[in-house]
Structures are given as C-alpha cells and as structure tokens.
Amino acid sequence: TGDLIDGSVARLRGEMEPLSQLRGKLGVFYVTGNHEYYHGGQAWEAEVRRLGLTVLHNEHRVVEKNGARLTIGGVPDLEGRRFDAAQTPDAKAAFAGAPTAQEAPRVLLAHQPRFAKAAQDAQVSLQLSGHTHGGQIFPFMFFVKLQQPVIGGFEVIEGVPTYTSNGTGYWGPPFRIGPRGEVTEITLRAK
C-alpha cells in the first residue's frame, strides 16, 4: 500500500530490483504512497510495473480461486493530486465495471486510512492501508492521530472495515520507539 521508497528511481532502482522476484498465486498488487510522489510518482508507477507488479491506479482486477472471486481495487495516494490531477484517487473509478460486492467482495488498497471516508459509496468489503508507520517514534503517534482516524490495526472507519499496517520500515530517523514494524498476513473467509 505504498511508501516503498524515499528517493528517486535513478537512485534506488538497484535496491528495488529484488521486488521483481515477488510472486503471488493470484498476483502482486501495488498502489502509490505519499513518498513516491515526493520523488516522481508516475516514474515509480512505471518502475514498479517494470519489476512485474500490478499497479492499481484507480482500477481493479478480479481474481479467482476455487470458483470464488475477489475484486482487488487500488487508488493513488491522496498526495498525488497535489502533483497532477491525473493522480487523484477515485474509489468509484477503481471499481467501475467490477462485479458487485455481493458477487465478488471488494478489497481496496489505499495508502492512507483516512481515504475510507471517500470509499464509503464504493461497496468496499475491506480497505488495506499503511502511511502511519504506527506512529514510529513515541510520542509521534499522538500527532498522527490528528490527521488519521487510526494509527494501526483494524477499525471500521466511516462504515468501511479498514486494516492499517505499521509497515516494516521507517521514515526519517532509522529507528522505531514504541510501535513495532510488521509484516501482516490477512486471511479472508467467506461469511
């Protein structure tokens, strides 16, 4: 859900190359975070595509396993619109032409958890987000809470079930005090 990097494609291309080895039975999906836009959001989308990941830029894919379908949609980060109107996130556009949520539950990849408010009318079954780093350094999480409705974990935001990951890395100072980094495994089950 974004913030893979904090630098330009030219500077970090080699460090990102291992991502080309990522494999998923149903695909590997990516959406931009705010840090990609600080260093060329469109260039990063192109680079991630080159690495073989599926970039979801206000679009979706329907995946199927054992006859069950799931719609995975994604939007660019909210910061994108500051750089280019074509980078404006739009949940309705992301799911345009998709099966209904009853036919294929909808998972939305949106970098910032506060995007859930904009996704209210898109029949989202689950939104996956990041952005907050869990607050990263105590007491920064109290400031994060002023901008975001949740710092980390699962919460229903504006009617949209949302999981916000603390992420694995950091931003700025290369350490964490308080919230731990995480690699999240989510198991989806039919109702």
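Procedures and definitions
- Residues numbered from 1 in each chain as written.
- Predicted model: local features only at pLDDT ≥ 70, side-chain atom pairs only at ≥ 80, totals over all residues.
- Heavy atoms only, no water.
- Helix = DSSP H or I, 4+ residues; strand = E, 2+ residues; numbered from the N terminus.
- Rg over C-alpha atoms; globule rule 2.2 N^0.38 Å.
- Buried < 20%, exposed > 50% of the residue type's maximum accessible area, 1.4 Å probe, protein only.
- Contact = heavy atoms within 4.5 Å.
- Areas by Shrake-Rupley, 256 points an atom, 1.4 Å probe, with all protein chains shown as cover.
- Lys, Arg positive; Asp, Glu negative; His and termini not counted.
- Charge placed at Lys NZ, Arg CZ, Asp CG, Glu CD.
- Patch = residues over 30% accessible without salt bridge, like charges linked within 9 Å, V, L, I, M, F, W, Y side chains within 5 Å.
- Salt bridge = Lys/Arg side-chain N within 4 Å of Asp/Glu carboxyl O.
- Core = buried A, V, L, I, M, F, W, Y, C linked by side-chain atoms within 4.5 Å.
- Polar contact = N/O pair within 3.5 Å; in protein donor to acceptor, adjacent residues only side chain to side chain.
- Pairing = 2+ DSSP bridges.
- Axes fitted to C-alpha atoms, helices over the stretch in contact; angles between N-to-C directions.

Asker: What should I look at first to understand the overall build of the protein in this one?
Answerer: Counting secondary structure elements, the protein contains six helices and eight strands. Taken from the N to the C terminus, the helices and strands of the protein come in the order α-β-α-α-β-β-β-α-α-β-β-α-β-β. Taken against the 2.2 N^0.38 rule, which gives 16 Å for 191 residues, the C-alpha radius of gyration of the protein at 16 Å falls within 12% of a compact globule. With respect to the principal axes defined by its C-alpha atoms, the protein has extents near 45 × 35 × 35 Å. When each of the 191 residues of the protein is scored for burial, the buried share is 45%. Counting only contacts in the protein whose residues sit at least 6 apart along the sequence, the fraction spanning at least 24 positions is 59%. A total of about 10,300 Å² of accessible surface is found on the protein, and carbon and sulfur atoms cover 54% of it. Separation of charge centres in the protein, based on 20 positive and 19 negative side chains, amounts to 4 Å.

Asker: Looking at this structure, I do not really get a nonpolar patch on the surface. What am I missing?
Answerer: A cluster of nonpolar side chains, contributed by Phe138, Phe142, Phe175 and Ile177, occupies part of the molecular surface with about 430 Å² of accessible area. Looking at the secondary structure, you find Phe175 in the segment after strand S8 (160–164).

Asker: How do you make sense of the side chain of Asn166 when you look at a structure like this?
Answerer: Along the chain, the position of Asn166 falls in the segment after S8. When near neighbours in sequence (up to four residues on either side) are disregarded, Asn166 contacts His133, Gly134, Ile151, Gly152, Arg176, Pro179, Arg180 and Glu182.

Asker: Would you mind showing me how to read the pattern of salt bridges here?
Answerer: Scanning all chains against the criterion turns up five salt bridges. Put simply, Glu17 and Arg50 hold a salt bridge, and the shortest N to O gap is 2.8 Å. Residue Glu17 is located in the loop between helix H1 (9–16) and strand S1 (29–30), and its partner Arg50 is located in helix H3 (residues 41–50); the two are separated by 33 residues in the primary sequence. Of the residues examined, Arg50 reaches a relative accessible area of 44% and is grouped as partly exposed. For the salt bridge of Glu79 with Arg82, the shortest nitrogen-to-oxygen distance reads 2.3 Å. You can call Arg82 exposed: its relative accessible area is 60%.

Asker: Could you clarify how one ought to interpret the nonpolar core in this entry?
Answerer: Generally speaking, nonpolar side chains in soluble globular proteins are found buried as a group. One finds Val75, Phe95, Leu108, Phe115, Ala119 and Val124 to be the most contacted residues of the largest nonpolar core, which totals 16 residues. Not counting chain neighbours up to four residues away, the residues in contact with Val124 comprise Phe95, Arg106, Leu108, Ala119, Val160 and Pro161. Ranked by size, the runner-up nonpolar core spans 10 residues in total, among them Ile5, Leu12, Leu51 and Val55.

Asker: What is the right way to look at the side chain of Ser20 in this model?
Answerer: Structurally, the position occupied by Ser20 is in the loop between H1 and S1. Here the side chain of Ser20 touches Gln21 through a polar contact of 3.3 Å, side chain to side chain.

Asker: So what exactly am I meant to see when it comes to the sheet that holds strand S3 (residues 59–65) here?
Answerer: Within the open sheet, the six strands sit side by side as S3-S4-S5-S6-S8-S7. Their pairing is mixed. Single-partner strands in this sheet number two, and they are S3 and strand S7 (153–157). Across the sheet, the mean angle from the axis of one strand to that of its neighbour is 25 degrees, orientation sign disregarded. Sheet topology note: the S3/strand S4 (residues 68–74) ladder contains seven bridges and is antiparallel. If you follow Lys65 over to S4, its bridge partner there is Ala68.

Asker: Is there a simple way to explain unusual backbone geometry in this structure?
Answerer: Leaving glycine out, the prevailing phi sign among residues is negative, and the prevailing peptide bond configuration is trans. The omega torsion across Phe138 and Pro139 is 5 degrees, close enough to zero to call that bond cis. At Asn58, a position not held by glycine, the phi torsion is positive, near 55 degrees. Here Asn58 falls in the buried class, since its relative accessible area comes to 15%.

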